[in-house]
Amino acid sequence: MIAVLNGAFDDISKAVRLYRVWIALAHEDIGDQHRRTTLGPLWMLVNYFAFVSTFVFVFVTKDASNPSYPAYVAIGMLVWFYLSEIITMSVSLFQREASFIQGTTLPLFVYVMRLTMQSIIRAGYSLAGCVLILLLSGQGIDTNWLRSLLGLLLIVLATPAFIMVFAFLGAFFPDSEFIVGNLMRVGMFLTPVFWVYSGQEGIQKYAYHWNPFTYFLEGVREPITAGIFPTHALVVTGYICLGTWVLALLLLGRYRKRIVFLI
Amino acid sequence: MTSIELNNVSLVYRLFEKLTLSAPGRRRSNLGGNIAKSGTKQVVQALDDVSFELKAGDRLGLVGPNGAGKTTLLKVLYGIYQPSGGRVSITGKVDALFNISIGFRPEATGRRNIVLRGLISGWTMAEIEEKMEEIIDFSELGDFIDLPFKAYSQGMAARLAFAIATALEPEILLMDEWIGAGDASFQEKAKQRMDELAEKAGIIVLASHDDALIRRVCTKKLTLRAGRVESLT
Ligand SMILES: Nc1ncnc2c1ncn2[C@@H]1O[C@H](COP(=O)(O)OP(=O)(O)O)[C@@H](O)[C@H]1O
Ligand SMILES: [Mg+2]
């Protein structure tokens with residue numbers, strides 16, 4: 001156990017010292033994705049904007065009583081897209097990095113941070129869009145926004161752990177790429193991204209309370225849309241974050257040398 | 001002091017048995033390691049009880065038919081593969097050239113790729129800047145250095161890869177059969193540089209099918225067959 005954790009920390013500390021590598025590679029990735037477009041990375045902003053407006057446009061009539069609905073969807077989408085993107089991308093992470101993993105001795109955590117960095121940069125564009133929508137929808141800037149930062153911070157902290165767990169899953173069970181991909185597509189409807197839970201019975205109740213994503217979303221959203229401090233959501237998110245990190249460290253320590261033989 | 005020592009190193013690849021409807025009979029092959037089954041998995045014994053020792057200044061040529069285990073051995077030396085059995089002890093800073101295109105981004109310029117490759121090999125920004133002009137000179141790429149890497153020919157890519165890998169004077173340099181990609185004048189330069197490296201008490205391990213190249217460059221020759229050492233001279 002100690003040896004396993006030592007292995008994991010060794011990998012991580014080597015990767016941290018190579019921080020220039022993953023920062024440079026993440027920038028290249030973003031650049032490559034948009035190299036031949038005129039709008040460049042601004043397309044990410046446009047995408048996000050289009051998605052949120054569609055949902056607001058379609059659902060706002062039903063929920064006319066809820067003036068903070070645009071903000072609700074905007075924040076929900078921001079967090080959901082971020083989480084669903086890192087999870088779907090992680091399952092095939094080691095596969096995508098195969099040529100590096102089989103040709104260099106970079107620690108695996110470098111690839112984890114490369115994806116973390118890339119996702120955070122992309123989310124930055126959505127975040128700009130989100131702030132814009134919040135302002136347009138009449139949510140004045142106030143100190144409640146600061147309370148959301150804690151939720152965002154926890155999400156960022158949990159990111160490398162999520163990536164590792166799903167990356168190892170994908171390496172050991174290649175089929176999981178498709179299972180996870182499908183689950184995430186369905187997951188958007190089972191998570192309170194655009195629907196509001198107000199105590200109904202039935203499937204919505206379970207989808208709200210037993211869905212870990214709910215808490216990640218609410219930790220960021222409640223301070224702004226409901227004006228409350230999301231203690232419960234943050235505690236649950238904190239535990240999920242901790243549990244995922246422990247699992248991730250064990251996997252990394254135990255299996256990092258096996259990955260090269262699996263891809 | 002730079003050195004490499006391998007004791008009874010073995011390496012097996014485990015492959016998951018895929019469901020198949022084809023006939024189970026297998027043909028014997030003169031190539032490759034030994035295929036065997038263990039439980040539900042197929043395993044390939046790529047290295048079997050390999051032992052040898054190299055001292056500073058040694059230049060080892062690795063030869064053997066396709067699938068003999070040359071690439072696998074180089075990757076064990078580099079630290080990509082952990083051997084399934086035996087012991088590897090290496091003293092010295094290792095750099096390796098396996099696949100020419102590893103770590104090169106097709107869309108980025110040669111210059112940017114030098115930076116990326118340098119960072120991946122653990123160089124500092126200062127070291128990269130210091131070596132930049134020398135690498136460009138040695139590769140003789142001229143103005144091509146500011147074009148995207150995808151516009152390079154195989155040989156040009158090989159020049160750049162070699163120039164980068166040898167720029168920081170690694171103590172141990174591992175190379176997999178690829179150097180043939182360069183033209184004659186480049187091969188001459190490459191040989192000179194390898195001579196210099198070896199004179200500075202480095203170790204070079206070079207896998208190749210080109211006997212003339214091995215004779216020109218190497219001081220020792222290790223023949224592998226089906227993962228075992230056939231001869232070491
Ligand atoms: N990733 C791999 N998975 C399974 N078997 C492999 C893998 N790589 C190489 N092998 C097997 O290991 C043996 C040695 O291969 P290799 O070291 O590439 O030989 P060489 O470089 O001498 O041509 C071969 O039998 C090959 O089929
Ligand atoms: Mg080979």
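Overview of the structure. In this numbering scheme, every chain counts its residues from 1 along its sequence in written order. Chain letters start at A and ligand numbers start at 1, both assigned in the order the entries are written. Totals for whole chains, interfaces and linings use every residue, but because this is a predicted model, local features are given only for residues with pLDDT of at least 70 and side-chain atom pairs only at 80 or more, for both listing and counting. Excluding hydrogens and water, the side-chain figures rest on all heavy atoms present in the structure.

### Some points on the layout of surface pockets
Remark: the empty space left among the atoms is shown by a probe the size of a water molecule rolled over them. By volume, the largest pocket amounts to about 1,000 Å³. Using only the protein atoms, space was sampled on a 1 Å grid; points where a 1.4 Å probe fits but cannot get out form cavities, open sets with protein on both sides within 12 Å along at least five of seven lines form pockets, and lining residues are those with an atom within 4 Å of a point. Together, 39 residues line the largest pocket, and T104(A), T105(A), L106(A), P107(A) and Y78(B) are the ones closest to its centre. At the level of secondary structure, the elements contributing two or more residues to the lining of the largest pocket comprise α1 (2-17), α6 (98-103), α7 (108-136) and α13 (259-262) of chain A together with α1 (70-78), β6 (94-97) and α2 (110-120) of chain B. Asp, Glu, Lys and Arg are counted as charged, while Ala, Val, Leu, Ile, Met, Phe, Trp, Tyr, Cys and Pro are counted as nonpolar; the rest, among them Gly, fall into the polar class. Among the residues forming the lining of the largest pocket, the class breakdown is 21 nonpolar, eight polar and 10 charged. Along its surface, the second largest pocket is lined by 19 residues, and F81(A), Y82(A), S84(A), E85(A) and R122(A) are the ones closest to its centre. Sorting the residues of the lining of the second largest pocket by element identifies α3 (42-59), α4 (69-91), α7 and α9 (176-190) of chain A as the ones contributing at least two each. Going along the chain from the N terminus, every DSSP run of H or I of four or more residues is numbered as a helix, and every run of E of two or more is numbered as a strand. Among the elements that make up the lining of the second largest pocket, the one with the highest residue count is α4(A) (seven residues). Grid points are joined across faces, edges and corners, and a volume is the space filled by probe spheres set on the points.

### Focus: the sheet that holds strand β8 (residues 203-207) of chain B
Residues and elements named next belong to chain B. Taken in spatial order, the six strands line up as β6-β7-β8-β4-β9-β10 in an open sheet, and their pairing is mixed. The sheet terminates laterally at β6 and β10 (228-232), the two strands that pair on one side only. Here the average twist between neighbouring strands, direction ignored, is 20°. Paired strands, as defined in this entry, are two strands with at least two bridges between them according to DSSP. Bridge count between β6 and strand β7 (residues 172-175): four bridges; the pairing is parallel. Bridge assignment links L97 to a residue of β7, and that residue is M175. The angle between two axes is taken between their N-to-C directions and runs from 0 to 180 degrees, where each axis is a line fitted to C-alpha atoms and a helix contributes only its stretch in contact.

### Quick word on the pattern of salt bridges
Should a side-chain nitrogen of Lys or Arg be within 4 Å of a carboxyl oxygen of Asp or Glu, the pair is scored as a salt bridge. Under the criterion given, the structure shown has 25 salt bridges over all chains. Its salt-bridge partner being D10(A), residue K14(A) comes within 3.2 Å of it at the nearest N-O pair. Pair noted here: K14(A) and D10(A) are both in helix α1, with a separation of four residues, about one helical turn. Whether a residue is buried, partly exposed or exposed follows from its accessible area with a 1.4 Å probe, protein chains only, as a fraction of its type maximum: under 20%, in between, or over 50%, in that order. On the basis of relative accessible area, K14(A) is assigned to the partly exposed category, the value being 39%. Of the charged contacts in the structure, one is a salt bridge between K200(B) and E169(B), with a shortest N-O distance of 3.1 Å. Residue K200(B) is found in the loop between α5 (184-199) and β8, and its partner E169(B) is found in the loop between α4 (154-167) and β7; the two are separated by 31 residues along the sequence. Taking the relative accessible area as the measure of exposure, K200(B) reaches 54% and is therefore exposed. Here the salt bridges share partners, and the residues they tie into one network are D29(A), D32(A), E97(A), R114(A) and R105(B).

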